[in-house]
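One letter stands for each residue in the lines below.
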Amino acid sequence: MDRARLAALHGVDVTYSPAPGRQVAVAEDTVVAVLAALGVDASTPDAVRAALAGYEARAARRLLPPCTVLRAGEPLTGLPEGTEVTVETAAGEALSRLPGRPGRYGLRAVAPDGRSARGDLVVAPARLAGPRGRSFGFMAQLYSVLSRRSWGMGDLGDLAELAAWSGRALGAGFVQINPLHAAVPGRPTDPSPYRPSSRRFPDPVYLRIEEIPEYAYLPHDARAVATRLLAKAATLRDTVLLKDSLIDRDAVWELKSQALELLREVPLSPGRRAAYADFLAAQGQALDDHATWSMLAELHGPDWRTWPAGLRDPRSPQVARARSEHQERVDFHCWLGWLTDSQLAAAQRAARDAGMAVGVVHDLAVGVNPAGSDAWSMQDVLAAGMSTGAPPDAFNARGQDWGLPPWRPDALAATGFAPYRDLVARMLRHAGGLRIDHVMGLFRLWWVPEGRPPTEGTYVRYDAGALLGLLALEAYEAGAVVIGEDLGTVEPGVREELADRGILGTSVLWFERDYGGGAAPDTDTAGAADSAGDAGPDGGSEAERRPLPLPPGDWREACLATATTHDLPSTAARLTGEHVGLRHRLGLLTRPLEEEEADDAAEVAEWIALLGRLGMLPEGGADEEAVVKAVHRFLVATPARMAGVWLGDGVGDRRPQNLPGTWNQYPNWRLPVADPEGNPLALEQLAASRRLHALTDEIRRALARPS
C-alpha cells in the first residue's frame with residue numbers, strides 16, 4: 001500500500017486498462033524500476049518509508065515551484081492562507097493582482113510563518129483562437145516531394161515552392177510536413193523522421209545548396225567542383241524520378257556536405273556576418289551542445305554511449321577541451337544550423353506571401369534517439385534506462401516499444417520546464433502551425449524498463465496543465481495553430497481538455513464512426529486500422545460489430561479532418577483493397593487473406609454507401625477518382641476547421657510512406673510521390689496534374705458553399 005501511495009505521489013500508475021471495463025495490475029518490479037529512474041528508491045519497505053518521509057518533508061518546505069503556470073483568469077491556489085503574493089513584469093513593475101494578459105512574469109510569495117520563495121509565473125491564454133476561418137491544405141513528407149532542382153530528395157527550396165504554388169494557384173491555407181529534426185548520422189542513416197538525434201534543430205540535409213547566398217561567390221576552381229557536384233546530384237535525382245530508385249538520403253548528404261565545405265570557404269559579407277553573430281547569441285548553449293555533439297560524432301561515431309567515458313558528460317572538462325581543440329568543426333555545425341534556419345524562415349515567408357492563412361505546419365516527434373544529440377546533452381531531464389511505447393491492448397497483445405527515452409516529469413518541473421519551453425519555442429520559430437505527435441504524451445506516457453517487454457511497462461503522468469499552458473503561450477505569441485495527433489489509446493477527458501484550450505485534434509475518416517453520441521472511440525484506432533476484421537472475444541465478424549460511419553454533421557469542429565496519414569494506406573489503396581494485399585505479401589495479416597479482404601471491402605462499401613446517400617458521389621462508386629473526390633467533399637462538409645489532403649491522394653498514389661510493423665521488408669520513408677502506376681512525379685508534374693487540380697477544385701467549391 002505504501003509503495004502504491006509513493007508511486008501515485010510521483011505520477012506512476014500501478015494499474016492500467018487495456019480495454020473498457022478491464023484493469024490490469026502493474027508488476028511490482030516495474031513500479032520499483034520506474035521509481036528508480038525518477039531517483040526514488042522503493043526497493044524495500046524501509047526504503048519506501050524513507051522516500052515517503054522525504055517527499056512529505058520537501059512538500060512541507062516548498063512554498064512555490066520554480067514555474068507556476070496558470071490560464072488567464074485562473075486563480076493562484078495551493079498557498080497557505082495569508083500568504084502575500086507579488087507579481088512583477090519583465091520590466092520590474094510590481095502588479096497588485098494576477099495579470100490577465102498572457103505572458104511571463106516573476107512571482108514572489110511570503111508566507112505567514114516567514115517562509116519566502118521566488119519563481120516564474122506563466123500566464124497562458126485561456127484558449128487559443130485557432131485558424132482564421134476554414135481552409136484546406138496539403139499534407140506531405142517533404143523528402144518525397146522532389147523537384148527538378150533538388151538533389152535526390154525534397155528540400156527546403158521545394159517546400160517554399162510547394163507552399164507558394166498551392167497557396168497562389170489553389171488557394172490552400174497550409175502545408176503540413178513531416179518532422180525536419182536532425183537525424184543521427186551514419187551509413188545507413190535511419191530514414192525515420194520520428195527517431196531523430198535532435199528535435200531542437202533541423203537537419204541540414206534539407207538545405208537547397210544553390211540558394212545559400214555564398215554560392216554566387218564561389219571562386220573559379222571551387223565553382224568547377226560545384227558544377228561537377230550538381231551533375232552528380234542531377235544523376236541522383238534522375239535515378240529516383242526516372243529509374244524507380246529509392247530516396248537515398250546518405251547519398252544526398254554526401255554530395256551536399258562536399259558542396260557545403262566549398263561554401264564554408266567563402267567569406268560572409270559584413271551584413272551576413274552580423275546576422276550569423278545574432279543567431280549564435282540567440283541560440284546559446286543549446287546550439288553549442290548540438291554542434292559539439294556533431295563534432296564528437298565525426299570523431300567517435302554517432303552513439304555517444306560508446307564514446308570515451310570523459311566525453312559522455314556534456315559538461316565535463318574533456319568535452320570542453322575537445323570543443324576548444326576542434327572549434328572550427330563546432331562552428332561549422334553552428335553555421336549549418338544558421339543556414340537551415342534561414343531557409344526555414346524563407347519557406348514560411350513564401351507561404352504567407354502566397355496568401356496562406358496558416359502556412360507551414362511543422363511536426364514535433366514524440367521523442368529522440370537515445371544515441372543522439374538531445375539524449376547526450378539533456379541527460380538530466382531524460383529517464384535513463386527507460387523507453388516510451390504503448391501498452392498491450394485488444395489489437396496488439398505484445399504492446400509497443402518505441403525506443404525513445406521519455407522526459408522525467410520531476411526533472412522538467414525542477415527546471416521550470418525550461419527544456420520543454422525551449423523546444424516548443426524553437427519548433428514555432430518559423431511555423432504557422434505545429435502538429436504534436438502523440439499529443440496524449442503531454443498527459444501520460446507508457447514507460448518500458450530497459451531489457452523488458454512492453455507488456456511490463458506502466459504509465460507515468462505529467463503535469464499536463466503546465467505543459468499545455470506553456471505550449472499555448474508559445475503558440476499564442478507566434479500566432480500559430482496547434483494540432484494534436486490524438487489517434488490511438490486516449491483516456492477520457494483528454495480530447496475535451498485539448499478542445500477547451502483551442503488545440504485541434506486529428507480526425508481520420510475511416511476511424512470516425514458512431515460509437516455512441518457521435519463521439520470518437522477511446523480505443524487504439526490506429527491499431528484497429530491495422531487489424532481490421534479481427535473477431536472479438538464474443539465471436540462475430542468485424543463487420544457485424546462495426547458501428548456505422550459518422551455523418552459529417554456529427555464530427556467535431558476542433559480538428560484537422562483528413563482521409564489518411566503517413567502511417568496509413570492512401571485513399572486509392574484503401575478503396576481498391578491494395579493495402580490488404582501488401583500486408584499479406586509481407587506476412588502482417590493475423591487472419592486468412594480472404595477474411596481480411598472481405599471485411600475491408602465491407603468497411604469501404606459502408607462509406608461509399610453513405611457518400612451516395614448524401615449526394616456526394618453522383619459519378620457512382622465504380623470510379624476510383626470520383627470516390628476520392630467524394631471523400632474530400634465529405635471532409636469539407638464536416639465542421640472541421642482544417643481539411644488535410646494527403647498529397648499522394650491528389651495524384652492517385654497507392655504506396656504508403658510508412659508501413660508500421662516493418663523494417664527492411666518495406667522501403668519506409670524512402671518513396672517519392674507517385675502516380676497510380678507507381679511512376680514517381682516531380683513537383684513540377686504535381687503542379688500540372690489534371691487529377692490534382694480537379695480534386696482541389698472540388699474542395700474549393702465545397703468550402704465556398706454556405707454551411
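Residues numbered from 1 in each chain as written. Predicted model: local features only at pLDDT ≥ 70, side-chain atom pairs only at ≥ 80, totals over all residues. Heavy atoms only, no water.

**Re the overall build of the protein chain**
So, point 1. Of regular secondary structure, the protein chain possesses 22 helices and 21 strands.
So, point 2. Here the protein chain displays about 28,900 Å² of accessible surface, and carbon together with sulfur accounts for 52% of that area.
So, point 3. Charge separation in the protein chain, taken as the distance between the mean sites of 74 positive and 92 negative side-chain charges, equals 4 Å. (Helix = DSSP H or I, 4+ residues; strand = E, 2+ residues; numbered from the N terminus. Areas by Shrake-Rupley, 256 points an atom, 1.4 Å probe, with all protein chains shown as cover. Lys, Arg positive; Asp, Glu negative; His and termini not counted. Charge placed at Lys NZ, Arg CZ, Asp CG, Glu CD.)

**Some words on the packing of aromatic side chains**
So, point 1. In total, this model carries 12 aromatic pairs according to the counting rule given.
So, point 2. An angle of 40° between the planes, with centres 5.7 Å apart, marks the rings of Phe332 and Trp335 as tilted. Taken together, the positions of Phe332 and Trp335, both in helix α9 (residues 327-353) and 3 residues apart, correspond to about one turn of that helix. The pair Phe332 / Trp335 is uniform in exposure class, with both members buried.
So, point 3. Ring centres of Trp607 and Phe634 lie 5.5 Å apart, and the angle between their planes is 90°; on these two criteria the pair is classed as edge-to-face. Taken together, the positions of Trp607 in helix α19 (residues 593-613) and Phe634 in helix α20 (residues 624-637) put the pair 27 residues apart, joining distant regions of the chain. (Phe/Tyr/Trp six-rings, centres within 6.5 Å; stacked < 30°, edge-to-face > 60°. Buried < 20%, exposed > 50% of the residue type's maximum accessible area, 1.4 Å probe, protein only.)

**Regarding the packing of helix α7 (residues 270-300) against helix α8 (residues 317-325)**
So, point 1. In contact at an axis separation of 10 Å, α7 and α8 are set at 80° when each is read in the N-to-C sense. By the angle between their directions, the pair α7 and α8 is classed as roughly perpendicular. From α7, Asp288, Asp289, Thr292, Met295 and Leu296 reach across to α8, where they touch Val319, Ala322 and Arg323.
So, point 2. Partitioning the contact of α7 with α8 into residue classes produces 4 nonpolar, 1 polar and 3 charged. (Axes fitted to C-alpha atoms, helices over the stretch in contact; angles between N-to-C directions. Parallel < 35°, antiparallel > 145°, perpendicular 65-115°, else oblique. Contact = heavy atoms within 4.5 Å. Nonpolar A, V, L, I, M, F, W, Y, C, P; charged D, E, K, R; others polar.)

**Side note on the nonpolar core**
So, point 1. With 184 residues, the main nonpolar core has Leu260, Trp335, Trp447 and Leu471 as its most contacted residues.
So, point 2. Apart from residues no more than four positions distant in its own chain, Leu471 is found in contact with Tyr420, Val424, Leu434, Ile436, Leu442, Val482 and Ile503. (Core = buried A, V, L, I, M, F, W, Y, C linked by side-chain atoms within 4.5 Å.)

**Quick notes on the sheet that holds strand β17 (residues 458-461)**
So, point 1. Spatially, the 4 strands line up as an open sheet ordered β14-β13-β16-β17, and their pairing is antiparallel. Sheet topology places β14 (400-401) and β17 at the edges, where each strand pairs with a single neighbour.
So, point 2. The pairing of strand β13 (residues 386-390) with β14 spans 2 bridges and is antiparallel. The residue of β14 that forms the bridge with Ala390 is Gln400.
So, point 3. Along the sheet face, helix α2 (residues 28-37) touches β13, β16 (444-449) and β17 and points at about 105° away from the line of β16. (Pairing = 2+ DSSP bridges.)

**Re the side chain of Asp374**
So, point 1. Mapped onto the elements, Asp374 comes out in helix α10 (residues 373-377).
So, point 2. Setting aside anything within four residues of it in sequence, one finds Asp374 in contact with Ser197, Ser198, Arg199, Arg200, Val368 and Leu382.

**Quick word on the layout of surface pockets**
So, point 1. Space inside the second largest pocket adds up to approximately 1,200 Å³.
So, point 2. Taken together, 41 residues line the second largest pocket, and the ones lying closest to its centre are Tyr55, Arg62, Pro65, Ala413 and Asp463.
So, point 3. Listing elements by their share of the lining of the second largest pocket, those giving two or more residues are α3 (45-61), β3 (67-71), α11 (409-414) and α13 (464-478).
So, point 4. For the lining of the second largest pocket, the per-class residue count stands at 25 nonpolar, 7 polar and 9 charged. (1 Å grid on protein atoms, 1.4 Å probe; cavity = no way out; pocket = protein on both sides within 12 Å on 5 of 7 lines; lining within 4 Å. Points joined across faces, edges and corners; volume = space filled by probe spheres on them.)

**A short note on the sheet that holds strand β6 (residues 103-110)**
So, point 1. With mixed pairing, the 5 strands of this open sheet are ordered in space as β3-β7-β6-β4-β5. Each edge of the open sheet carries a strand with a single partner, namely β3 and β5 (94-95).

**A few points about α8**
So, point 1. Turning to α8, its buried residues number three or more, namely Val319, Ala322 and Arg323. All buried residues of α8 project into a common sector of 100° when viewed along the axis, lining one side. Looking at α8, the residues exposed on the side facing more than 90 degrees away from the buried face are Pro317, Ser324 and Glu325. (Arc of directions from axis to C-beta.)

**Description of empty space enclosed by the protein**
So, point 1. As enumerated under the stated definition, the model contains 9 cavities of 30 Å³ or more in all.
So, point 2. Counted as a void, the largest cavity has a volume near 270 Å³.
So, point 3. The wall of the largest cavity is formed by 19 residues, among which Arg200, Phe201, Pro202, Leu344 and Arg426 lie closest to the centre.
So, point 4. Elements that contribute at least two residues to the lining of the largest cavity include exactly β11 (198-202), α7, α9, β12 (359-364) and α12 (418-427).
So, point 5. For the lining of the largest cavity, the element with the most residues is β11, which contributes 4 residues.

**What to know about the packing of helix α6 (residues 249-264) against α9**
So, point 1. Following both chains from N to C, one finds α6 and α9 inclined at 105°, their axes separated by 12 Å at the closest point. In terms of orientation, α6 and α9 fall into the roughly perpendicular class. Counted together, Trp253, Leu260, Glu261, Leu263 and Arg264 of α6 and Glu328, Arg329, Asp331, Phe332, Trp335, Leu336 and Leu339 of α9 form the full contact between these two elements.
So, point 2. In the contact of α6 with α9, the residues fall into 7 nonpolar, no polar and 5 charged.

**A short note on the confidence of the model for the protein chain**
So, point 1. This prediction gives the protein chain a mean pLDDT of 94; 95% of its residues lie at or above 70.
So, point 2. Overall, residues 517-541 carries pLDDT values under 50, and its contacts beyond four positions in sequence, including any with other chains, amount to 51 contacts. (pLDDT = per-residue confidence, 0-100.)

**Brief notes about helix α4 (residues 156-170)**
So, point 1. In this model α4 runs 20 Å from its N-terminal to its C-terminal C-alpha over 15 residues, within 8% of the 21 Å that 1.5 Å per residue would give.
So, point 2. Those residues of α4 that sit buried are Leu156, Gly157, Asp158, Leu159, Ala160, Leu162, Ala163, Ala164, Trp165, Ser166, Gly167 and Leu170.
So, point 3. Tucked into the core, α4 has its buried residues touching β8 (135-140), β9 (174-177), α9, β12, α21 (683-687) and α22 (690-704).
So, point 4. You can read the cap of α4 off the contacts: a side-chain oxygen lies 2.9 Å from the backbone nitrogen of Gly157, and it is on Asp155.
So, point 5. With its phi angle positive at about 75°, Gly171 sits one or two positions after the end of α4. (Expected span 1.5 Å × (residues − 1). Polar contact = N/O pair within 3.5 Å; in protein donor to acceptor, adjacent residues only side chain to side chain.)

**A short note on the side chain of Arg495**
So, point 1. Mapped onto the elements of the fold, Arg495 is located in helix α14 (residues 494-500).
So, point 2. In this structure the side chain of Arg495 is engaged in a polar contact, spanning 2.7 Å, whose partner is the backbone oxygen of Asp486.

**Focus: the environment of Pro391**
So, point 1. Checked against the element boundaries, Pro391 lands in the loop between β13 and β14.
So, point 2. Overall, Pro391 belongs to the buried group, its relative accessible area being 10%.
So, point 3. If sequence neighbours within four positions are ignored, Pro391 has contacts with Tyr16, Asn396, Gly399, Trp446 and Tyr459.

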